[in-house]
Amino acid sequence: MEPLLLDGKKLADELKLEIAAEVATYVAKGQRAPHLAAILVGNDGGSETYVGHKVKACEQVGFQSTMLRFPDTITEAELMAEITKLNNDNTIDGFIVQLPLPKTISADNVILHIDPKKDVDGFHPINVGRVALGIDAYVSATPLGITKILERYNIATEGKNCVVIGRSNIVGRPMSILMSGAGKTGNATVTVCHSKTKNLKEICLQADIIIAALGKPEFLTGDMVKEGAVIIDVGTTRVTDATAKAGWRLKGDVKFAEVAPKASAITPVPGGVGPMTVVSLLLNTLKAYKHAF
Ligand code: NAP
């Protein structure tokens, strides 16, 4: 049987229309538009693309956006001073510092310096802690996007066995917390796997839902998945491909051709989790804006 394709691109477009309609009502009342700022340090190609998508998405929904670019020679102290300015700027609702940062700068220090109320990436320990405690917070964008996919496609999570592959602070860890929490798309029994996990295949074969977030192209193969499982593919690795216009293609962590025929529902790459990550950043910025008025 054909699996249900969890179309993140289509869902993101729908959510953008909803956000744009809401923003239009505020602007019609004479309020300023929500405003997202993004700090980009250095010339990392991937980071430039990601920030570009975020700025474009802001334009699509009527947000104001400001991109602040700094050379990779900027010092940690100088970057902190820029963050202080954004923390204190009442015309900016939320901002992000695009990672990775140059090795000379501690990402942990930078994240700690962001005002949690403006931390629309949801990376600050205050927000991470609030998510863990089930208190209203900015949930980091990729896990938030995945919960929106599960919610909008009515994927049942309660009582299900969920395997999350990857335990990073921005994807795997928060995702596992949300899936095991008492929220609408939670109440699952969650196993978190990582590079030291033994018997990963056997663990995956028990899963009703697999969230693959490890960054290893086509890692999850058909023999690791039970019939009817729901598959969320977070991976986005640029793989060299001479036939592609850009010379590379995005590959997920799931071997789609093998896994899709066994799955009941699956996200594609591209067009699955990626577009929902961007729209989740907009949702968090809108949330920050609403706190401001
Ligand atoms: P990360 O920080 O590199 O973390 C990868 C995680 O996977 C680590 O916890 C690692 O375990 C685990 N892992 C690595 N190899 C493994 C293996 N063979 N078996 C089991 N676990 C293994 O990556 P990330 O930032 O979470 O990103 C993961 C992927 O998602 C990447 O492809 C990234 O590009 C993509 N991503 C996509 C979006 C989107 O919007 N679509 C957003 C964010 C990230 P250890 O902890 O033991 O090292």
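Residues numbered from 1 in each chain as written. Predicted model: local features only at pLDDT ≥ 70, side-chain atom pairs only at ≥ 80, totals over all residues. Heavy atoms only, no water.

On to the packing of helix H1 (residues 8-28) against helix H2 (residues 45-61). Between H1 and H2, the shortest axis-to-axis distance is 8 Å and the interhelical angle comes to 55 degrees. Judged by the angle between their axes, H1 and H2 are oblique. Across the interface between the two elements, Lys16, Ile19, Ala20 and Val23 of H1 pack against Ala57, Gln60 and Val61 of H2. Considering only residue class, the contact of H1 with H2 consists of five nonpolar, one polar and one charged. (Axes fitted to C-alpha atoms, helices over the stretch in contact; angles between N-to-C directions. Helix = DSSP H or I, 4+ residues; strand = E, 2+ residues; numbered from the N terminus. Parallel < 35°, antiparallel > 145°, perpendicular 65-115°, else oblique. Contact = heavy atoms within 4.5 Å. Nonpolar A, V, L, I, M, F, W, Y, C, P; charged D, E, K, R; others polar.)

Moving on: the packing of aromatic side chains. Within the structure shown, the criterion is met by one aromatic pair. When the ring centre of Trp248 is taken as origin, the NZ or CZ atom of Arg238, which lies over that ring, is 4.0 Å away. (Phe/Tyr/Trp six-rings, centres within 6.5 Å; stacked < 30°, edge-to-face > 60°. Lys NZ or Arg CZ within 6 Å of the ring centre and 35° of its normal.)

Once that is clear, we can look at the side chain of Asp233. On the secondary structure map, Asp233 appears in strand E8 (residues 230-233). In this structure Asp233 is buried but unpaired, with Lys251 as the nearest side chain of opposite charge at 9.5 Å. Reaching out from Asp233, the side chain makes a polar contact with the backbone nitrogen of Gly235 at a distance of 3.1 Å. Of the polar contacts made by the side chain of Asp233, one reaches the backbone nitrogen of Asp253; its length is 2.7 Å. (Buried < 20%, exposed > 50% of the residue type's maximum accessible area, 1.4 Å probe, protein only. Lys, Arg positive; Asp, Glu negative; His and termini not counted. Salt bridge = Lys/Arg side-chain N within 4 Å of Asp/Glu carboxyl O. Polar contact = N/O pair within 3.5 Å; in protein donor to acceptor, adjacent residues only side chain to side chain.)

Another aspect to go through is unusual backbone geometry. Excluding glycine, most residues fall at negative phi; most peptide bonds, likewise, are trans. Here the amide bond leading from Leu99 into Pro100 is cis, since omega sits at 0 degrees, within 30 degrees of zero. Along the chain, Pro100 turns up in the loop between strand E4 (94-97) and helix H4 (107-113). Residue Val269 is joined to Pro270 through a cis peptide bond whose omega torsion reads 0 degrees. One can find Pro270 in the loop between strand E11 (265-266) and helix H10 (273-292). In the Ramachandran plot, Asn187 falls in the positive-phi region, its phi being about 60 degrees despite a non-glycine side chain. Note that Asn187 resides in the loop between helix H7 (172-180) and strand E6 (189-193). Relative accessible area serves as the criterion here: at 33%, Asn187 is assigned to the partly exposed category. Located in the positive-phi region is Asn199, a residue other than glycine, with phi close to 55 degrees. Its location among the elements puts Asn199 in the loop between E6 and helix H8 (200-205).

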